[in-house]
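Residue-level structural notes
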Amino acid sequence: YTNYPIGRTLLAALISQESGWNPTAVSACGAAGMTQFIPSTARAYGLDVPSYDKEYCSKCPHDDSVSACNSCTPSKCQFSDDERFDVRKTIDPAARLLKDNIERCKDVRAGVAAYNSGSCGADADSGFTAAILDKYYPFWVNCFQKVPV
């Protein structure tokens, strides 16, 4: 992450919200690992991810549940073959994605939202960006001030 000017504080805040620092976290829509990459984004950023039956996510039209889109439920995950679960390999791609999103959206808040939704803020969960920038970011600023690099 040191190669990308987003800073360790913003990246730490993002990971805090995305997975709570759980390297085996899996979302209802197939985002996986500590940095919560979906398979297609992980591959686009150079991570090896095996093919899963379903790699998309859509809401079921008749209710609020998420369809059977979870590309990788914990019981079906291929932890040893899926680099999204390798903490050492996901930090750099996550930093690059976050940097790319901020540059594409031309705004930090919109770029952070795009990490979650893919678009510059419009589709992100309203609490997602606020939690990162207003809750976790100040926490990590304080932490890193107390602990030298």
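Residues at a pLDDT of 70 or more form 72% of the chain, whose mean pLDDT is 79. Of all secondary-structure elements in the chain, the lowest mean pLDDT belongs to helix α5 (residues 126-146), at 85, while helix α3 (residues 87-105) reaches the highest, 93. The low-confidence segment residues 59-71, where pLDDT is below 50, has 30 contacts with residues more than four positions distant or belonging to other chains.

The next point concerns the pattern of salt bridges. In the structure shown here, the tally under the stated rule is seven salt bridges. In this structure, arginine 84 and aspartate 82 form a salt bridge, with 2.7 Å as the shortest nitrogen-oxygen distance. Classification of aspartate 82 as buried rests on a relative accessible area of 1%. The residue glutamate 83 makes a salt bridge to lysine 89 at a minimum N-O spacing of 2.9 Å. Overall, the relative accessible area of 16% leaves glutamate 83 in the buried class. By relative accessible area, lysine 89 is classed as partly exposed at 40%. Among the ionic contacts, a cluster of salt bridges with common partners joins Lys99, Asp100 and Glu103.

Attention shifts here to the packing of aromatic side chains. Scanning the model with the defined rule gives four aromatic pairs in all. Between the aromatic rings of phenylalanine 37 and tyrosine 115, the centroid separation amounts to 6.3 Å while the plane-to-plane angle is 50 degrees, which identifies the pairing as tilted. Of this pair, phenylalanine 37 sits in the loop between α1 (8-19) and α2 (39-44) while tyrosine 115 sits in helix α4 (residues 108-117), and the two are 78 residues apart along the sequence. For phenylalanine 37, a relative accessible area of 1% puts it in the buried group. Taken together, a centroid distance of 5.4 Å and an interplanar angle of 35 degrees make the contact between tryptophan 140 and phenylalanine 144 tilted. Here phenylalanine 144 and tryptophan 140 lie together in helix α5, a separation of four residues that amounts to about one turn.

Between α1 and α3, the least distance of the axes is 11 Å, while the angle of their chain directions is 105 degrees. The orientation of α1 with respect to α3, classified from their angle, is roughly perpendicular. Facing α1, whose interface residues are Leu10, Leu11, Leu14 and Ile15, α3 presents Ile91, Ala94, Ala95, Leu98 and Ile102. Looking at the contact of α1 with α3, its residues break down into nine nonpolar, no polar and no charged.

Definitions and limits used
Residues numbered from 1 in each chain as written. Predicted model: local features only at pLDDT ≥ 70, side-chain atom pairs only at ≥ 80, totals over all residues. Heavy atoms only, no water. pLDDT = per-residue confidence, 0-100. Helix = DSSP H or I, 4+ residues; strand = E, 2+ residues; numbered from the N terminus. Contact = heavy atoms within 4.5 Å. Salt bridge = Lys/Arg side-chain N within 4 Å of Asp/Glu carboxyl O. Buried < 20%, exposed > 50% of the residue type's maximum accessible area, 1.4 Å probe, protein only. Phe/Tyr/Trp six-rings, centres within 6.5 Å; stacked < 30°, edge-to-face > 60°. Axes fitted to C-alpha atoms, helices over the stretch in contact; angles between N-to-C directions. Parallel < 35°, antiparallel > 145°, perpendicular 65-115°, else oblique. Nonpolar A, V, L, I, M, F, W, Y, C, P; charged D, E, K, R; others polar.

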